[in-house]
Amino acid sequence: MIDSSSWPVVRWTMPASIPDEGAERVLAEFDALLHRGERFVVVFDGAERPEQSPQFLRLYKGWYRQRRKELGRWVAGAVRIEPDEVKRKAVLGKLMNAALAAFMPYPFRVFASDEEARPQLDQWLGR
């Protein structure tokens with residue numbers, strides 16, 4: 001689910017659901033990235049949210065609130081890869097919501113492909 005093998009580019013492939021017994025493990029994986037104490041970028045793909053994962057969504061809300069400052073410090077930016085144009089526009093529409101934009105502790109963009117996103121990731125990483 002979370003692949004940091006291309007550090008400082010981290011890919012989080014979101015499944016459609018996260019079993020309750022795996023919810024804490026997923027957040028612990030991301031905590032480990034934050035504890036590295038180095039700036040990185042996140043590439044999200046897969047499902048937009050694991051909708052059938054009430055335990056994960058509940059834990060994630062609290063985790064996010066507690067880690068917001070750390071996320072802003074260590075996550076240089078995040079992109080969502082969405083090849084489907086209709087879905088991409090829907091995600092972009094959500095990001096334009098002023099309340100959501102103000103809550104995000106790092107820049108977030110949506111692209112159709114990894115190739116399209118690469119210049120933005122490089123910019124955030126100062127390459």
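It should be noted that the structure appears before, not after, this text.
A brief structural summary. Note that this is a predicted model, so its numbers are computed, not measured.

**Looking at the pattern of salt bridges**
Okay, step 1: All chains considered together, the criterion is met by 9 salt bridges.
Okay, step 2: The partner of E29 in a salt bridge is R25, and the shortest N-O contact between them spans 2.5 Å. Here R25 and E29 lie together in helix α1 (residues 23-34), a separation of 4 residues that amounts to about one turn.
Okay, step 3: Residues joined in a network through salt bridges with shared partners are R11, D45 and D114.

**Regarding the pairing of strand β4 (residues 75-81)**
Okay, step 1: With 7 of 7 residues buried, β4 lies mostly within the body of the structure.
Okay, step 2: As judged from the 5 bridges shared by strand β3 (residues 40-46) and β4, these two strands associate in the parallel manner. In the sheet register, V42 faces β4, and the bridge partner there is A78.
Okay, step 3: Crossover β3 to β4 through helix α2 (residues 54-74) is right-handed.

**A short note on the nonpolar core**
Okay, step 1: Counting residues in hydrophobic clusters, the biggest one holds 29 residues, and the most contacted among them are W12, F30 and F40.
Okay, step 2: For this core, the secondary structure elements donating two or more residues are β2 (9-14), α1, β3, α2, β4 and β5 (108-111).
Okay, step 3: Considering every element that reaches this core, the biggest residue donor is α2, with 7 residues.
Okay, step 4: Other than its neighbours up to four places away in sequence, F30 contacts I2, W12, F40, V42, W63, L71 and V75.

**Quick look at the packing of aromatic side chains**
A ring pair, where both rings are aromatic, is described by two values, the distance of the centres and the angle of the planes.
Okay, step 1: This structure, assessed with the given rule, holds 9 aromatic pairs.
Okay, step 2: Ring plane angle 85° and centroid distance 5.6 Å describe the contact between F30 and W63, whose orientation is recorded as edge-to-face. Separated by 33 residues along the polypeptide, F30 in helix α1 and W63 in helix α2 bring together distant segments of the chain. An identical accessibility class is assigned to F30 and W63; each is buried.
Okay, step 3: Site record: aromatic cluster; members linked through ring pairs are W7, W12, F30, F40, F44, F56, Y60, W63, Y64 and F108.
Okay, step 4: If you follow R36 out to its NZ or CZ, it ends over the ring of W7, 3.8 Å from the centre.

**Looking at helix α5 (residues 114-124)**
Okay, step 1: What α5 keeps buried is the set A117, Q120, L121 and W124. Within α5, the buried residues cover an arc of 105° as seen down the axis, which keeps them to one side. Set apart from the buried face of α5 by more than 90 degrees, the exposed residues are E115, P119 and Q123.
Okay, step 2: Considering only its buried residues, α5 is in contact with β2, β3, β4 and β5.
Okay, step 3: Directly beyond the C-terminal end of α5, a positive phi value near 70° is found at G126.

Cut-offs and rules
Residues numbered from 1 in each chain as written. Predicted model: local features only at pLDDT ≥ 70, side-chain atom pairs only at ≥ 80, totals over all residues. Heavy atoms only, no water. Salt bridge = Lys/Arg side-chain N within 4 Å of Asp/Glu carboxyl O. Helix = DSSP H or I, 4+ residues; strand = E, 2+ residues; numbered from the N terminus. Buried < 20%, exposed > 50% of the residue type's maximum accessible area, 1.4 Å probe, protein only. Pairing = 2+ DSSP bridges. Right-handed = clockwise from strand over helix to strand, strands pointing away. Core = buried A, V, L, I, M, F, W, Y, C linked by side-chain atoms within 4.5 Å. Contact = heavy atoms within 4.5 Å. Phe/Tyr/Trp six-rings, centres within 6.5 Å; stacked < 30°, edge-to-face > 60°. Lys NZ or Arg CZ within 6 Å of the ring centre and 35° of its normal. Arc of directions from axis to C-beta.

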